Structure formats: structure tokens, C-alpha cells
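These are the residues of each chain, in order.
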Amino acid sequence: MPAPVDHEARRRHIADIAADLIAQGGMENATIRSVAAAAGYSTAIVTHYFAHKRELLFWTYRAAAHSTQRRFDAAQAADPDDLFAALQAFLPDTPEGVRAWRVYFAFWSATISDPEMAAEQQWWQANALSIIGAVAIRQHGAIAQPDHVARMLLTTVQGIATQAALDQAHWSAQRQHRLLELQVAAILRHANEP
């Protein structure tokens, strides 16, 4: 009797392969056929788990976002008031982080013409703002404009991540962390100014 298949593990494996292909060459690089070949599966197996490419892309984007969320949650579990560690969890300072950001970039371009993809991206953006704002308030108490501060912090992370994911040779983890540290300090120093 064949061993039972862990369907969720197989979906994750297929999404990981798709993420690798997207990170290497964009969404057009992750066809059902190319994902199946890279995974060592038939296209029938891939379409058993993902009816079409669009479903695979959504699952892959969500898997990348959940991976980043888990890094954030781990930083929060270690110290719920450490804003710097929480923000650092978003950076592409590991191979997994670089891959996630490249998936985000590919997905973001599709949001221009696809309202459903735009809504997905906006949900994750709102989630990031909410959790960043909550940590900032816990660490620094009352902030005059918490939404504004959260947006500035997220914009900083996204700016560093964009440069680092696309130019890894000049953006070591140490450089990313140092610039983040400087920017966070500057933003929080002015958080309660009118």
C-alpha cells in the first residue's frame, strides 16, 4: 500500500518551487508546466492542487507573505516591544527574505490591471501597517500620529528591501540593519513633532 500523501505539504512544496521560479524570472516564468518540471511532477499532479496558474500565483504570494509574518511573529515572541527586531523581520537579509521580496515585486506589477490581486496586496499592506503601528506604540507609548509613523516605518522597510533584493552585492544584511536602525531612530525622534 502506498504511503499517504500529505496534501498541504505538497501544496507548500509546489508553491516553494513556484516562488523560486518567480524570484528567478518573474511570474511568466512560473507556468504550470515549468513548476511541474522543476518539482519533478507531472502537470496533472500540479493541476490537482492548483486548478490554474492564477490560483498557484495567489497561493505562492500568500505563502511568501505568511513566511514574512512568521518571522515577524518570532521577533515579537522574543521581545514584543522591540520595534527594530520587528521591522528587521521584514527585510531581505536572508535567502528566504530575498525570495519573498522578489515574489512581492512580481505580484505587485500584476496589481495594476487585476483588482483581485490589488485587493490581496492592499490587505497585506494594511496588515503590515497595523502590526508595525502596534509595536511602535508599545515601545514608545503615545505617538501623536501613529498611522503616519507606521507608514513612514513601512516605507523605510520597503525602500531598503527594494534596493537590497535587487542589488544584493551592495546591500549586506549588516548594511540593511544599520540603515534601518538610523531611519527608525530619525522617524521616532520626530514622531511627536507637530
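Residues numbered from 1 in each chain as written. Predicted model: local features only at pLDDT ≥ 70, side-chain atom pairs only at ≥ 80, totals over all residues. Heavy atoms only, no water.

(A) A look at the pattern of salt bridges. Taken as a whole and assessed by the stated rule, the structure comprises 10 salt bridges. Arg178 is the partner of Glu181 in a salt bridge, and the nearest nitrogen-oxygen pair spans 3.2 Å. With Glu181 and Arg178 both in helix α9 (residues 173-189) and 3 residues apart, the pair spans about one turn of that helix. When its relative accessible area of 42% is taken as the criterion, Glu181 is described as partly exposed. With a relative accessible area of 46%, Arg178 lands in the partly exposed category. A cluster of three or more residues bridged by salt bridges with shared partners is formed by Asp16, Asp20 and Arg99. (Salt bridge = Lys/Arg side-chain N within 4 Å of Asp/Glu carboxyl O. Helix = DSSP H or I, 4+ residues; strand = E, 2+ residues; numbered from the N terminus. Buried < 20%, exposed > 50% of the residue type's maximum accessible area, 1.4 Å probe, protein only.)

(B) The arrangement of helix α8 (residues 146-166) in detail. Here α8 is 21 residues long and its end C-alpha atoms lie 30 Å apart, about the 30 Å a rise of 1.5 Å per residue gives. Looking at the buried residues of α8, the elements they touch are α5 (83-88), α6 (95-110), α7 (115-140) and α9. (Expected span 1.5 Å × (residues − 1). Contact = heavy atoms within 4.5 Å.)

(C) The packing of α6 against α8, seen in detail. Taken N-terminus to C-terminus, the directions of α6 and α8 make an angle of 105°; their axes are 10 Å apart at the nearest point. What the angle tells us is that α6 and α8 run roughly perpendicular. Between α6, through Val98, Trp101, Arg102, Phe105 and Trp108, and α8, the contact on the second element is made entirely by Val157, Gln158, Ala161, Thr162, Ala165 and Leu166. Across the contact of α6 with α8, the residue classes break down as 8 nonpolar, 2 polar and 1 charged. (Axes fitted to C-alpha atoms, helices over the stretch in contact; angles between N-to-C directions. Parallel < 35°, antiparallel > 145°, perpendicular 65-115°, else oblique. Nonpolar A, V, L, I, M, F, W, Y, C, P; charged D, E, K, R; others polar.)

(D) Main features of the packing of α7 against α8. Running from amino to carboxyl end, α7 crosses α8 at an angle of 115°, the nearest separation of the two axes being 8 Å. It follows that α7 is roughly perpendicular to α8 by the angle criterion. Handedness of the crossing formed by α7 with α8: right-handed. Note on element contacts: α8 touches α7 through Pro146, Ala150, Arg151, Leu153, Leu154 and Gln158, opposite Gln125, Ala128, Leu129, Ile132, Gly133, Ala136 and Ile137. Of the residues assigned to the contact of α7 with α8, the class counts are 9 nonpolar, 3 polar and 1 charged. (Left-handed = near helix turned anticlockwise from the far one by under 90°.)

(E) How the structure looks around the environment of Glu181. Distance in space between the C-alpha atoms of Glu181 and Gln88 is 9.1 Å, their sequence separation being 93 residues. Polar side-chain contacts of Glu181 include one of 3.2 Å to the side chain of Arg178. (Polar contact = N/O pair within 3.5 Å; in protein donor to acceptor, adjacent residues only side chain to side chain.)

(F) Focus on the environment of Leu180. Note that Leu180 resides in helix α9. Spatially, the C-alpha atoms of Leu180 and Leu87 are 8.2 Å apart, while their sequence positions differ by 93 residues.

(G) Broad picture of the nonpolar core. Membership of the largest hydrophobic core comes to 62 residues, with the highest contact counts inside it found for Val35, Leu83, Leu87 and Leu153. Per element, the largest residue contribution to this core is 9 residues, and it comes from α8. Setting aside chain neighbours within four positions, we find Leu87 in contact with Ile132, Leu153, Val157, Leu180 and Val184. (Core = buried A, V, L, I, M, F, W, Y, C linked by side-chain atoms within 4.5 Å.)

(H) Representation of the side chain of Gln176 in the model. As for its position among the elements, Gln176 is in helix α9. In this view, Gln176 contacts Leu91, Pro92, Asp93, Ile160, Ala164 and Trp171; residues no more than four positions away in its chain are not counted.

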